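Residue-level structure breakdown
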Amino acid sequence: MADDGILVRIWGARGSVPCPGPKTVRYGGETACVELRCGPHLLVFDGGSGIRELGRSLENAGPVEADVFLTHFHLDHILGLPFFKPAYGPDNRVHLHAARLDSSLSLKTILARMMSPPLFPVPIDMYRADVDFRDFVAGDRLEPHPGLVVETRPLDHPGGACGYRVTWQGRSFAYVTDTEHPRDGSLDPNVQALMAGADVAIYDATFTDDEYEVYRGWGHSTWRAGVRAADAAGVGTLLLFHHDPSHDDAAMDRIAADADAARPGTLVATDGMVLRR
Ligand SMILES: [Zn+2]
Ligand SMILES: [Zn+2]
C-alpha cells in the first residue's frame, strides 16, 4: 500500500458479547475492534474479541508497534486484550490509550484487575512487549506520531465513553461507538465535531428505531440517528457498527438495505471488511 491514504479493517463489529454461530456467519460475531493504517502507523480501536485475530495477523509481520485506543472499559471493548499476542512479544511496542472517565482508576489498574485471578489466570505483567499505559482526558488532542492527530471527545454512555477522530495526510476517520443520540432530536455537538467531513465514520447503530423505544437510556444509538449525524457532518462513508448480538444475518440484511436506501453508500461493518480512502 502507498504511504498516503488510510486503510480501515474491521476485526469485530458487535456490541455486548461475541455471537458466533450459523446465524451470524456473514456479518460476523466478534466484538469491537478496528484496525486503522495510516502510512507506517498501526492504530487499533478497542480490544474486543476481534483483537485476537488482528494479533494473529501480525505474527509474521516482524516487530510490531501499535497504538491501541479504548473507548471505555465495558467488557465487549476489552475482553480480547489478554489474547492480543503482540503484547507478549519482546520485540514489540504497544501503546495503550484510554480516557479517564467517571472513575479515578487508571487504565493500567483497570486492565490489571481484569487480568488477575479469579477472573483471568495470566497477570498483566506477563506482557513481554514494551507496553505503556497512557491516560488522557476526553477532549484532549493527541499526536501519537508526528503528523498523526487523534482528537477525542466524550460520548453519552453509562459510565462514559470516548470517541475519536484521526487525521492523517488530509484523510480523516471517526470512531464513534457506545453513544446515545440526544433524545430531543438535536445533534450531539461532540459527535458532530468528531464526524465533521470524515472520509469514514464508524457509528453506534446497535438498535433499530423500534428497539430503541424499549432501550432508551442504555447509551446506544440507531442507524437512523447515524444517518442524520453523518448527513449533517458531511461524512463520506458511514459505517454502521456495534450490532446487537440478537441481529442475525437476515436482520442485518434488512438494516443494510434500509440504511443504504436512506443514505446511499452507507455500509454495515462486517468482520474482515476493508476500506481504503
Ligand atoms: Zn459496547
Ligand atoms: Zn459500553
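This one's a predicted model, so the numbers in the text were calculated from it and none came from an experiment. Here the residue numbers are simple positions, counted from 1 along each chain's written sequence. The order in which chains are written sets their letters, starting at A; the order in which ligands are written sets their numbers, starting at 1. This being a predicted model, a pLDDT of at least 70 is required before a residue's local features are given, and a value of 80 or more before pairs of side-chain atoms are given or counted; all residues contribute to the totals for chains, interfaces and linings.

Moving on to the overall build of the chain. Secondary structure summary: the chain contains six helices and 14 strands in total. Against the globule reference of 19 Å for 277 residues, the chain gives a C-alpha radius of gyration of 17 Å, in line with a compact fold. When the backbone C-alpha atoms are referred to their principal axes, the chain occupies close to 50 × 40 × 40 Å. Exposure criterion: with C-beta atoms placed from backbone coordinates, a residue whose C-beta has 20 or more other C-beta atoms within 10 Å is buried, one with 12 or fewer is exposed, and one in between is partly exposed. Taking all 277 residues of the chain together, 45% fall into the buried category. Partitioning the intrachain contacts of the chain with sequence separation of at least 6 by distance along the chain shows that 68% fall at a separation of at least 24. For the purposes of this entry, the term helix denotes a DSSP run of H or I that reaches at least four residues, the term strand denotes a run of E that reaches at least two, and both are numbered from the N terminus. Here the globule rule is a power law, 2.2 Å times the number of residues to the power 0.38, and the radius of gyration is based on C-alpha atoms. This entry defines residue contacts through backbone-placed C-beta atoms, with two residues in contact when those atoms are within 7 Å.

Our focus in this paragraph is helix 5 (residues 223-233). Working note: α-helix, 3.6 residues per turn, so residues spaced by three or four point in the same direction. Within the sequence span of helix 5, burial applies to Trp-223, Ala-225, Gly-226, Val-227, Ala-229, Ala-230 and Ala-233. Considering only its buried residues, helix 5 is in contact with helix 3 (189-195), strand 11 (200-204), strand 12 (237-241) and helix 6 (249-262). A positive backbone phi angle near 65° is found at Gly-234, which sits one or two residues after helix 5.

Moving on: the nonpolar core. Connectivity within a nonpolar core runs through C-beta atoms within 7 Å, and the core itself is a set of buried Ala, Val, Leu, Ile, Met, Phe, Trp, Tyr and Cys residues. Val-176, Met-195, Ala-201, Ile-202 and Leu-240 are the most contacted members of the largest nonpolar core, which has 70 residues in total. The greatest single-element share of this core, amounting to six residues, is contributed by helix 5. For Ala-201, the contacting residues outside a window of four places in its chain are Ala-174, Val-176, Met-195, Ala-230, Val-235, Leu-238 and Leu-239.

With omega at 0°, the peptide bond leading from Pro-117 into Pro-118 counts as cis. Summarising the element assignment, Pro-118 is placed in the loop between helix 2 (107-114) and strand 6 (130-136). Of note in the backbone geometry, Asp-46 takes a positive phi value of approximately 75° without being a glycine. With respect to the helices and strands, the residue Asp-46 is situated in the loop between strand 3 (41-45) and helix 1 (51-57). Here the phi dihedral of His-242 falls at roughly 60°; this positive angle occurs in a residue that is not glycine. Here His-242 is to be found in the loop between strand 12 and helix 6.

Turning next to the sheet that holds strand 3. Two strands pair if DSSP finds at least two bridges between them. The seven strands are arranged 6-5-4-3-2-1-14 in an open sheet whose pairing can be described as mixed. Two strands bound the open sheet, and with one partner strand each, they are strand 6 and strand 14 (274-276). Each neighbouring strand pair of the sheet contributes to a mean axis angle of 20°, computed without reference to strand direction. As paired strands, strand 2 (residues 33-38) and strand 3 are joined by five bridges and run antiparallel to one another. Within strand 3, the residue paired with Val-34 across the bridge is Phe-45. Note on geometry: axes are C-alpha line fits, over the in-contact stretch for helices, and angles between N-to-C directions span 0 to 180 degrees.

So, on to the environment of Tyr-127. With respect to the helices and strands, the residue Tyr-127 is situated in the loop between helix 2 and strand 6. It is 36 Å that separates the C-alpha atoms of Tyr-127 and Ala-193, two residues lying 66 residues apart in sequence. Not counting residues within four places of it along the chain, the set of residues in contact with Tyr-127 comprises Ala-87 and Tyr-88.

Relative to the helices and strands, Trp-218 resides in the loop between helix 4 (209-215) and helix 5. The exposure class of Trp-218 is partly exposed, given the 14 C-beta atoms found within 10 Å. In this structure the C-alpha to C-alpha distance between Trp-218 and Asp-156, which are 62 residues apart in sequence, comes to 9.6 Å.

Turning next to the sheet that holds strand 10 (residues 171-176). With mixed pairing, the seven strands of this open sheet are ordered in space as 7-8-9-10-11-12-13. The open sheet has two edge strands, strand 7 (141-145) and strand 13 (267-268), and neither has a second partner. When strand 10 meets strand 11, the two strands line up parallel, connected through four bridges. Bridging from a neighbouring strand, Phe-173 pairs with Val-200 of strand 11. Where helix 5 meets the sheet, its contacts fall on strand 11 and strand 12, and the angle it forms with strand 12 comes to roughly 155°.

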